[in-house]
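Residues per chain are reported as follows:
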Amino acid sequence: MATQSGAAAQPWPAPLRRFPMCYGTEFTSMAILRWSQDRQIDWHYIAPGKPMQNGFIESFNGSFRDECLNETLFSSLNEARDRISAWKEDYNSHRPHSSLGNLTPNEFATQLALEKQAA
């Protein structure tokens, strides 16, 4: 499996081979297209006005906006980084998600990795 850093240009596992993108070709660089082709990831554009074609990210964006961005008036870039980092830590490590069987994302990733090792 390829790492996110791109160390090896191998195909990603089947569930990760489709990458939905909200914007049209005017926001797509040749570098990202080359990256996706090298890893055999299908670049998929979401139809205008159809956000539920990428419901997972729309849900995340809503949570992030409602729970972090709308609740905080940042006085500096460093404060924004600190508060966003704390929110991300809570979201990934302490908050169970019903879409992940009531596990946190970190627990889910660990469980998935163990299942892959056992297979």
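Residue numbers run consecutively from 1 along every chain, following the written order of its sequence. Totals for whole chains, interfaces and linings use every residue, but because this is a predicted model, local features are given only for residues with pLDDT of at least 70 and side-chain atom pairs only at 80 or more, for both listing and counting. Note that the side-chain values use all heavy atoms of the structure and ignore hydrogens as well as water.

Considerations on the confidence of the model for the protein
Regions with low pLDDT carry predicted coordinates that are not meant to be interpreted in detail.
1) Next: Looking at the protein as a whole, its pLDDT mean stands at 80, while 76% of the residues score no less than 70.
2) Next: Here residues 1-6 is a poorly scored stretch, pLDDT under 50, and it has 14 contacts once near neighbours within four places are set aside; other chains count. The predictor reports its confidence for every residue as pLDDT, a score running from 0 up to 100. Note on contacts: a residue pair is in contact if any heavy atoms of the two residues lie within 4.5 Å.

Things to note about unusual backbone geometry
1) Next: Not every positive phi belongs to a glycine, and Gln 40 is a case in point at roughly 55 degrees.
2) Next: Put simply, DSSP marks the helices as runs of H or I at least four residues long and the strands as runs of E at least two long, and each gets a number from the N terminus on. Tracing the backbone through its elements, the reader meets Gln 40 in the loop between α1 (30-38) and β2 (42-45).
3) Next: A positive phi angle is found at Asn 102, which is not glycine, with a value near 60 degrees.
4) Next: Structurally, Asn 102 is set in the loop between α3 (77-93) and α4 (105-118).

Notes on the pattern of salt bridges
1) Next: The salt bridge definition used is simple: a Lys or Arg side-chain nitrogen within 4 Å of an Asp or Glu carboxyl oxygen. This model, assessed by the stated rule, comprises 3 salt bridges.
2) Next: Between Arg 83 and Glu 79 there is a salt bridge, with its nearest N and O atoms 3.2 Å apart. Of the two residues, Arg 83 and Glu 79 both sit in helix α3, 4 residues apart, roughly one turn of that helix.
3) Next: What makes Arg 83 partly exposed here is its relative accessible area of 42%.
4) Next: Between Asp 90 and Arg 95 there is a salt bridge, and its shortest N-O distance comes to 3.2 Å.
5) Next: Note on Asp 90: relative accessible area 31%, which makes it partly exposed. Classification of residues uses two cut-offs on accessible area relative to the type maximum, computed with a 1.4 Å probe and protein chains only: under 20% is buried, over 50% is exposed, and between them is partly exposed.

A few points about the packing of helix α2 (residues 55-69) against α3
1) Next: Taken N-terminus to C-terminus, the directions of α2 and α3 make an angle of 125 degrees; their axes are 11 Å apart at the nearest point. It follows that α2 is oblique to α3 by the angle criterion. At the point where α2 passes α3, the crossing takes the right-handed sense. Contacts from Phe 60, Ser 63, Phe 64, Glu 67, Cys 68 and Leu 69 of α2 reach α3 at Arg 83, Ile 84, Trp 87 and Tyr 91.
2) Next: Nonpolar residues are Ala, Val, Leu, Ile, Met, Phe, Trp, Tyr, Cys and Pro. Charged residues are Asp, Glu, Lys and Arg, and all others, Gly as well, are polar. Taken together, the residues that form the contact of α2 with α3 break down as 7 nonpolar, 1 polar and 2 charged. Lines fitted to the C-alpha atoms define the axes, with helices restricted to the stretch that makes contact. Angles between their N-to-C directions range from 0 to 180 degrees. Under this scheme an angle from 65 to 115 degrees is roughly perpendicular, one under 35 degrees roughly parallel, and one over 145 degrees roughly antiparallel; angles in between are oblique. The crossing is said to be left-handed when, going from far helix to near helix, the turn is anticlockwise and less than a right angle, and right-handed when the turn is clockwise.

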